[in-house]
Amino acid sequence: MLNRYRENVKGYLETLVKPPLAKAGVTPNTITFIGLLISLLGAYLFYLQRPRLAAVILLIGSAIDALDGTLARMTGKTSRFGAFLDSTFDRISDGAVLFGIALGNLADWRWTFLTFMGAYLVSYERCRAELAGSGKLAVGIAERAERLLILIGFSLAGAEYVKWGGVYIVGVLAWITVFQRMWAAYQRLKE
């Protein structure tokens, strides 16, 4: 859903990237790695039961995560490996955040695991369907950006909201998205 607004923020991202990062010789993969480290710090803060601080750190990490692709396009350093690395690190970040929440006893580990499975299936389905020839499969009510923003929003409200608002809602929305993508893939690939 939020992918519709990507073009609206493109100019802002380019303004942030062009002078400081592109001129300094920072590579897109470096930005990707820094984004991963920030997300892992957020996961650790969830483990320490500091959800508000974790949410702020994840917001910063999300902003940085949006810069790597922009930097790659602006410097002509786009690569298939860079896209692969970014996607892989996104999966690591997603898993680490949910793992931190479960270890910090901010939500029941069983429900957190189901949320984890749903989040991973959303990404897997897109990859697998696109490889099978479905075309771009960016469908569903809760792609990664939506799930992350929901989790961040409820985490900012406090520890008690991480469980009820964050993990449970994200889990339900992830599984709805799984079935939406499954149906879309079926429609496109059934022949």
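Scroll up to find the structure.
What comes next concerns the included structure. Predicted model, so just to flag it, every value in this text is computed and none were measured.

Section: the overall build of the protein
Counting its regular elements, the protein contains seven helices and zero strands. Tracing the protein from N to C terminus, the helices and strands come up as α-α-α-α-α-α-α. Residue pairs in contact within the protein that sit at least 24 positions apart in sequence constitute 78% of those at least 6 positions apart. As displayed, the protein offers around 10,700 Å² of accessible surface, 66% of which is attributable to carbon and sulfur atoms.

Some thoughts on the pattern of salt bridges
Overall, the coordinates contain nine salt bridges when judged by the stated rule. Aspartate 94 is the salt-bridge partner of arginine 91, the closest N and O atoms lying 3.5 Å from each other. Within this pair, arginine 91 and its partner aspartate 94 are both found in helix α4 (residues 80-103), separated by three residues, close to a single helical turn. For the pair formed by arginine 91 and aspartate 94, the shared burial category is buried.

Re the nonpolar core
Ranked by internal contacts, the top residues of the largest apolar core, which has 24 residues, are Phe46, Leu58, Val97, Ile101, Leu151, Val162 and Val167. Those elements that place two or more of their residues in this core are α2 (28-47), α3 (51-75), α4, α6 (144-157) and α7 (159-189). Counting residues per element, this core draws most heavily on α3, at seven residues. Those residues in contact with leucine 58 that sit more than four places away from it in its chain are Ser39, Gly42, Phe46, Val97, Leu148 and Ile152.

Quick look at the side chain of serine 39
Position of serine 39 among the secondary structure elements: in helix α2. Using a relative accessible area of 9% as the deciding quantity, one classes serine 39 as buried. Those residues in contact with serine 39 that lie beyond four places of it in its chain are Leu58, Ser93 and Val97.

Things to note about the packing of aromatic side chains
Under the defined criterion, the tally for this structure stands at eight aromatic pairs. Judged by centre distance (4.5 Å) and plane angle (40°), the ring pair of phenylalanine 116 and tyrosine 120 falls under tilted. Here the residue phenylalanine 116 and the residue tyrosine 120 both occupy positions in helix α5 (residues 109-131), the gap between them amounting to four residues, near one helical turn. The exposure class of phenylalanine 116 is partly exposed, given its relative accessible area of 26%. Look at tryptophan 175 and phenylalanine 179: their rings are 6.3 Å apart centre to centre, the planes differ by 40°, and that puts the pair in the tilted class. Taken together, the residues tryptophan 175 and phenylalanine 179, both in helix α7 and four residues apart, mark about one turn of the helix. Its relative accessible area of 25% is what places tryptophan 175 among the partly exposed residues.

Reading the values: rules and limits
Residues numbered from 1 in each chain as written. Predicted model: local features only at pLDDT ≥ 70, side-chain atom pairs only at ≥ 80, totals over all residues. Heavy atoms only, no water. Helix = DSSP H or I, 4+ residues; strand = E, 2+ residues; numbered from the N terminus. Contact = heavy atoms within 4.5 Å. Areas by Shrake-Rupley, 256 points an atom, 1.4 Å probe, with all protein chains shown as cover. Salt bridge = Lys/Arg side-chain N within 4 Å of Asp/Glu carboxyl O. Buried < 20%, exposed > 50% of the residue type's maximum accessible area, 1.4 Å probe, protein only. Core = buried A, V, L, I, M, F, W, Y, C linked by side-chain atoms within 4.5 Å. Phe/Tyr/Trp six-rings, centres within 6.5 Å; stacked < 30°, edge-to-face > 60°.

Everything listed here is a matter of geometry and, on its own, says nothing about what the molecule does.
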